[in-house]
Amino acid sequence: MRKKIIAGNWKMNKTVDESAKLATDLVAAVKGQPYAESVDIVVCPTYVALDRVAGIVKGSPVKLGAQDVHFENQGAFTGKVSTDMLKAVGVTYVILGHSEQRTLFGETDENVRKKTAKVLAEGLIPIICVGETLAERDGGITEKVVGIQLRAAYQGLSKDDAAKTVIAYEPVWAIGTGRNATDEQAQAVHKFIRRLLGEIYDAPLAQGIRIQYGGSMKPENAAGLMAQGDVDGGLIGGASLKVDAFLGIIKAA
Ligand code: PGA
């Protein structure tokens, strides 16, 4: 039985103080709640808020994630942060290959592969994002696109490492649009992803990997999506910025 994982991707939202407030409210809401033990809860604030939020979530069921990382250890890489830096502030999860990174900032499959390997080598857990654009879905190449992204990310990765990964299937057309994939659309791609993992590795490994859905997930659609056999949680943007909405999704999980 795969434990569901609900991760809030705060993107470029909230100052440090605002992030601290959101984290404080979330921790207060989930602390001592039995449901908080049966689902993994993660928040991914901006880099500048990580340290503050780390102090707030410490000792609570809420774990800390970063929105990206660089694959080098240190040096002349202006604007980047390293896995060592993330580990030093208590980060556990790292989102990689988010579609906004891919489409707005030129993230490549090759970079996602390097980052995945680095994150795992440093004992962190990658949340590897894959997903097709609307044009790609309409063109009937969703599986092809997702397959390429997935094979690239796992290229050269050992079975032991692969088993630790989390995948987020995020159709680009559903992100921030209010238009989520239907339960059936999500399940179909999640099933495809699991089958592909089975081909790359083996069926038992594929059965153990958690695949989140992301893209306009809200309390109203979360239960339906997560009732699908291969949907193991959510990567949530907009709805993770409000405690009540995020809590609604956690409860649905
Ligand atoms: P959304 O974002 O929930 O606002 O659609 C999801 C994501 O980009 O991870």
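Described below are features of the structure shown in this document. Along each chain, numbering runs from 1 in the same order as the chain's sequence is written. Given that the model is predicted, a residue must reach a pLDDT of at least 70 before its local features are reported, and side-chain atom pairs must reach 80 or more before they are shown or counted; all residues, however, enter totals for whole chains, interfaces and linings. Side-chain measures here rest on the full set of heavy atoms in the structure, leaving out hydrogens and waters.

A separate point is the sheet that holds strand β3 (residues 62-66). Strand-to-strand pairing in sheets goes through backbone hydrogen bonds, with the strands running parallel or antiparallel. We treat two strands as partners when DSSP finds at least two bridges between them. Put simply, DSSP marks the helices as runs of H or I at least four residues long and the strands as runs of E at least two long, and each gets a number from the N terminus on. Spatially, the eight strands close up into a barrel ordered β1-β2-β3-β4-β5-β6-β7-β8, and their pairing is parallel. Looking at each pair of strands side by side, their axes are set apart by 25° on average, direction ignored. Inspection of the sheet shows β3 paired to strand β4 (residues 93-96) by two bridges, in the parallel sense. By the bridge assignment, Ala66 is partnered in β4 with Val94. To get an axis, fit a line to the C-alpha atoms, keeping to the stretch in contact for a helix; angles then go from 0 to 180 degrees between the N-to-C directions.

Attention now goes to the packing of helix α7 (residues 142-154) against helix α9 (residues 183-200). Relative to each other, α7 and α9 sit at 40°, their axes nearing to 10 Å. Relative to α9, the element α7 is oriented oblique. For the element pair α7 and α9, the recorded crossing hand is right-handed. When α7 is examined against α9, the residues Thr142, Glu143, Val146, Gly147, Leu150, Arg151 and Tyr154 are found in contact with a partner set consisting of Val189, Phe192, Ile193, Arg195, Leu196, Leu197, Glu199 and Ile200. Note on residue categories: nonpolar means Ala, Val, Leu, Ile, Met, Phe, Trp, Tyr, Cys or Pro, charged means Asp, Glu, Lys or Arg, and polar means any other residue, Gly included. Counted by class, the contact of α7 with α9 contains nine nonpolar, two polar and four charged residues. The scheme is simple: roughly parallel for angles under 35 degrees, roughly antiparallel for over 145, roughly perpendicular for 65 to 115, oblique for anything else. Definitions for this section: a left-handed crossing has its near helix turned counterclockwise from the far helix by less than a right angle. A right-handed crossing has that turn clockwise. We call two residues in contact when some of their heavy atoms are within 4.5 Å.

Glancing now at the packing of aromatic side chains. A pair of Phe, Tyr and Trp rings is counted when the ring centres sit within 6.5 Å of each other, with Trp represented by its six-membered ring. The angle between the planes then sorts it: under 30 degrees is stacked, over 60 is edge-to-face, the rest tilted. Applying the stated criterion across every chain yields a total of two aromatic pairs. Geometrically, the ring pair formed by Tyr154 and Tyr201 is edge-to-face, given 6.1 Å between the ring centres and 75° between the ring planes. With a gap of 47 residues between them, Tyr154 in helix α7 and Tyr201 in the loop between α9 and α10 (203-208) connect regions that are remote in the sequence. Comparing Tyr154 with Tyr201 shows no difference in burial state: the two are buried. The classification of residues rests on relative accessible area computed with a 1.4 Å probe and restricted to protein chains. Under 20% of the type maximum is buried, over 50% is exposed, and intermediate values are partly exposed.

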